[in-house]
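Single-letter residue listing:
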Amino acid sequence: MEKITSIKGIKDILPADSPVWNHVESVARQTFALFGFREIRVPIMEKTELFKRGIGETTDIVEKEMYTFPDRDDELITLRPEATAGIIRAYIEHNIHTYEQTTKLFTIGPMFRRERPQKGRFRQFHQINVELFGENKPQADAEIIFMLTHFLRSAGIADFSLEINSLGCKKCRPAFSQAVVAHLKGVQKSLCPNCQRRIKTNPLRVFDCKTDICQDIIHKAPKIHDFLCRECEDHFTEVKSSLTDLGVLYYVNPKMVRGLDYYIRTAFEVKSGALGAQNAIAGGGRYDGLVSYLGGPDVAGIGFAVGMERLLACLPQNENKSVKTDIFISALGAAAQKKAFLLTNKLRLAGVTAEMDYSDKSLKSQMKLADKLNSSFALILGDKEIEENVAQLRNMNSKEQQRLPLDKLTDALINILKERH
Ligand code: HAM
């Protein structure tokens, strides 16, 4: 039969890699708890309308990258390309704002975008995503960025750079957009075909274009900072000084616009030189106005998401990926097999990691297996030992052996193993 492979850009996380995933996730949980964040788990599928309205109709994600399909009743459903819209939907649906003034949430899980797969870019990828609702002060921006950098360091990422920008607000951004459109129209023919279209649909997206010619044009385009209103300017100044107070190093990148439409004021990205073209480990920003735009109360919001695969790619390769077993029970002969079967499972109930082999292999090959499973001990149990009511316990490191009475075996083993822990 022809084998069935996984879908392009969608990868398995194999057992050897799980420990590092679990470690990073548990560092996230511990770090976020220090800052008062609690976990929320939202669905992987939502109504398509949520993402269209939330992320923006003319973003690349909504225009080209969503996995959307009609359900059996013809309702359009989408596999979530990001977590923010779904968390806001849940926040509104459960009226969380009525019993909490500020709400701090995080979620961890898979996202789906039909992008062109390449190093660091997948069609199913995983995010650690954080959202804070109900706080519009610049200190919240600084605190959330501070938490992100603290998390990355705690997870073992030493070398990264933080870029921040202010994208203005509903009041001041239109004038900036108009100035950008005027600039782009002057050089329209030189832009790539995609950006020529973007002048009409979403001109600020041109800032994201990677082609050299468009980058050159963007370099000479008007800068948002010349258009910020007083409030946005003050907010940004305060974010920067709070970051400095917290000892967070940052670089202001006036060209950063982010790929989602909901941001206002502060936007930020974390990049790593250890990655290739897809060098953003994390991105986020403020999105005041989005909660009400999605049908909820007028509540401020800010958040970020870390790309797990990219974060892990920055970590030094963990060589020690093998399993660890407390004891391997090597049974030789039918009666010994029967005894070993019960003993192995009894030990597991007592909190000992125990393994055995059901096939009647030679002692030599069973010892090889014990080594492969990284066992601290092997228990050798043959029909002769059963007759004598004993078993041989072998320390797999020192190779020392000791005889243990069979009827007290479980307790004796538990004691020896517990002493070692
Ligand atoms: P984003 O910048 O689209 O933001 O994604 C955040 C991070 O997810 C990226 O920096 C990257 O590490 C990772 N990522 C994105 N796409 C892929 C992909 N195709 N393959 C691998 N990794 C990827 C958001 O998603 C916002 N929802 C973040 C946010 C939360 N803003 C406010 N709250």
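Procedures and definitions
- Residues numbered from 1 in each chain as written.
- Predicted model: local features only at pLDDT ≥ 70, side-chain atom pairs only at ≥ 80, totals over all residues.
- Heavy atoms only, no water.
- Axes fitted to C-alpha atoms, helices over the stretch in contact; angles between N-to-C directions.
- Helix = DSSP H or I, 4+ residues; strand = E, 2+ residues; numbered from the N terminus.
- Left-handed = near helix turned anticlockwise from the far one by under 90°.
- Contact = heavy atoms within 4.5 Å.
- Nonpolar A, V, L, I, M, F, W, Y, C, P; charged D, E, K, R; others polar.
- Near = heavy atom within 4 Å.
- Polar contact = N/O pair within 3.5 Å; in protein donor to acceptor, adjacent residues only side chain to side chain.
- Domains from an automatic or database assignment.
- Parallel < 35°, antiparallel > 145°, perpendicular 65-115°, else oblique.
- Buried < 20%, exposed > 50% of the residue type's maximum accessible area, 1.4 Å probe, protein only.
- Pairing = 2+ DSSP bridges.
- Patch = residues over 30% accessible without salt bridge, like charges linked within 9 Å, V, L, I, M, F, W, Y side chains within 5 Å.
- Areas by Shrake-Rupley, 256 points an atom, 1.4 Å probe, with all protein chains shown as cover.
- Salt bridge = Lys/Arg side-chain N within 4 Å of Asp/Glu carboxyl O.
- Expected span 1.5 Å × (residues − 1).
- Core = buried A, V, L, I, M, F, W, Y, C linked by side-chain atoms within 4.5 Å.

Asks: It is not clear to me how the packing of helix α1 (residues 18-34) against helix α5 (residues 138-154) should be interpreted in this structure. Could you clarify?
Replies: How two helices sit against one another is set out by the angle between their axes and by the gap between those axes. Contact geometry for α1 and α5: axes closest at 9 Å, N-to-C directions at 140 degrees. Crossing angle aside, the handedness with which α1 passes α5 is right-handed. Contacts between α1 and α5 pair Val24, Val27, Ala28, Thr31 and Phe32 from the former with Met147, His150, Phe151 and Ser154 from the latter. The class makeup of the residues in the contact of α1 with α5 is six nonpolar, three polar and no charged.

Asks: I'm lost on the site of the ligand in this one. Help?
Replies: Around the ligand, a shell composed of 27 residues is seen, among which Glu82, Glu115, Phe122, Tyr263 and Ala280 lie nearest. Phe304 is positioned with one of its backbone polar atoms (N or O) 3.3 Å from a nitrogen atom of the ligand. Gly307 is positioned with one of its backbone polar atoms (N or O) 3.4 Å from an oxygen atom of the ligand. Counting residues per element, the ones that place at least two in the shell around the ligand are β6 (124-133), β10 (280-286) and β11 (301-307).

Asks: For this particular structure, what's the right way to read the domain arrangement of the protein?
Replies: Interface size, as often reported, equals the accessible area lost upon joining of the parts. Each assigned domain of the protein is listed with its residue range as follows: domain 1 (18-172 + 228-314) and domain 2 (325-414). Inter-centroid distance (C-alpha atoms) of domain 1 to domain 2 is 51 Å.

Asks: When you look at the packing of α5 against helix α9 (residues 230-245) in this model, what are you seeing that I'm missing?
Replies: Direction vectors running N to C along α5 and α9 enclose 40 degrees, while the axes themselves pass 8 Å from each other. Here α5 lies oblique to α9, going by the angle between them. When the axes of α5 and α9 are compared, the crossing they make is right-handed. Between α5, through Pro138, Gln139, Asp141, Ala142 and Ile145, and α9, the contact on the second element is made entirely by His235, Glu238, Val239, Ser242 and Leu243.

Asks: Whenever I open this one, the pairing of strand β7 (residues 161-166) confuses me. Can you help?
Replies: Most of β7 sits out of view: five of its six residues are buried. Bridge analysis of β7 against strand β9 (residues 264-271) gives six bridges, and the strand direction is antiparallel. Counterpart to Ser166 in the pairing with β9 is Thr266. Note that β7 and strand β8 (residues 251-252) share two bridges and pair parallel. If you follow Ile164 over to β8, its bridge partner there is Val252.

Asks: Explain the side chain of Arg286 to me, please; I cannot follow it from the model alone.
Replies: With respect to the helices and strands, Arg286 occurs in strand β10. By relative accessible area, which is 0% here, Arg286 ends up buried. A distance of 2.6 Å separates the side chain of Arg286 from the side chain of Asp141, its partner in a polar contact.

Asks: Looking at this model, I keep getting lost on the environment of Ile224. Mind explaining?
Replies: Looking at where Ile224 falls in the secondary structure, it is placed in the loop between α8 (212-219) and α9. With a relative accessible area of 2%, Ile224 lands in the buried category. Linking Ile224 and Phe176, residues 48 residues apart in sequence, is a C-alpha distance of 6.1 Å. With residues up to four places along the chain from it excluded, the contact list for Ile224 reads Asn165, Ser166, Leu167, Gly168, Phe176 and Pro254.

Asks: Sorry if this is basic, but what is going on with a nonpolar patch on the surface here?
Replies: On the surface, a cluster of nonpolar side chains totalling about 240 Å² of accessible area is made up of Ile44, Met45 and Phe69. Tracing the backbone shows Met45 in strand β2 (residues 45-47).

Asks: What is the right way to look at the pattern of salt bridges in this model?
Replies: Where charged atoms of side chains with opposite charge meet at close range, the side chains can pair. Throughout the structure, instances matching the rule amount to 23 salt bridges. Between Glu75 and Lys47 there is a salt bridge, with the nearest N and O atoms lying 3.9 Å from each other. With Glu75 in the loop between β3 (67-70) and β4 (76-79) and Lys47 in strand β2, the pair connects residues that are 28 residues apart, well separated along the chain. In this structure, Asp357 engages Lys361 in a salt bridge whose closest nitrogen and oxygen atoms are separated by 3.2 Å. A residue is classified by how much of its surface remains accessible, and Asp357, at 10% relative accessible area, is buried. Linked by salt bridges that have partners in common, Glu163, Arg258, Glu269 and Lys271 make up one network.

Asks: What should I look at first to understand the sheet that holds strand β12 (residues 325-332) in this one?
Replies: Strand pairing within a sheet occurs via backbone hydrogen bonds; the two strands may be parallel or antiparallel. On the basis of which strands lie adjacent, the open sheet formed by five strands has the order β13-β12-β14-β15-β16 and mixed pairing. Each end of this open sheet is capped by a strand with a single partner; those strands are β13 (354-356) and β16 (401-405). Each strand axis lies, on average, 25 degrees off the axis of its neighbour in the sheet, ignoring direction. Of the strand pairs in this sheet, β12 and β13 are connected by three bridges, and their pairing is parallel. Considered in β13, the bridge of Phe328 is made with Glu355. Contacting β12, β14 (375-382) and β15 (390-395), helix α13 (residues 363-372) runs over the sheet at an angle of about 165 degrees to β12.

Asks: How should α1 be read in this particular structure?
Replies: Since one α-helical turn is 3.6 residues long, residues separated by three or four positions face the same way. Taking 1.5 Å of rise per residue, the 17 residues of α1 would be expected to cover 24 Å, and the 25 Å separating its terminal C-alpha atoms lies within 8% of that figure. In this structure, the buried residues of α1 make contact with β5 (103-112), β6, α5, β11 and α11 (308-314). Of the residues flanking the end of α1, it is Gly36, one or two places downstream, whose phi is positive at about 85 degrees.

Asks: Even after reading the chapter, I still don't get the side chain of Thr78, so can you show me in this structure?
Replies: For Thr78, the position within the fold is in strand β4. Residue classification places Thr78 among the buried positions, given a relative accessible area of 0%. Not counting chain neighbours up to four residues away, the residues in contact with Thr78 comprise Ile44, Met45, Glu46, Thr48, Phe51, Met66, Tyr67 and Thr68.

Asks: I would appreciate a short explanation of the nonpolar core in the present structure.
Replies: One broad trend across soluble globular proteins is that nonpolar side chains are buried collectively. Ranked by internal contacts, the top residues of the largest apolar core, which has 56 residues, are Ile88, Phe133, Leu191 and Phe207. Considering each element in turn, this core owes the most residues, six residues, to helix α4 (residues 84-93). Apart from the residues lying within four places of it in its own chain, the contact partners of Phe207 are Phe176, Val180, Gln215, Ile218, Ala221, Pro222, Lys255 and Val257. Listed in part, the 42 residues of the second largest apolar core include Ala140, Ile145, Phe236 and Val248.

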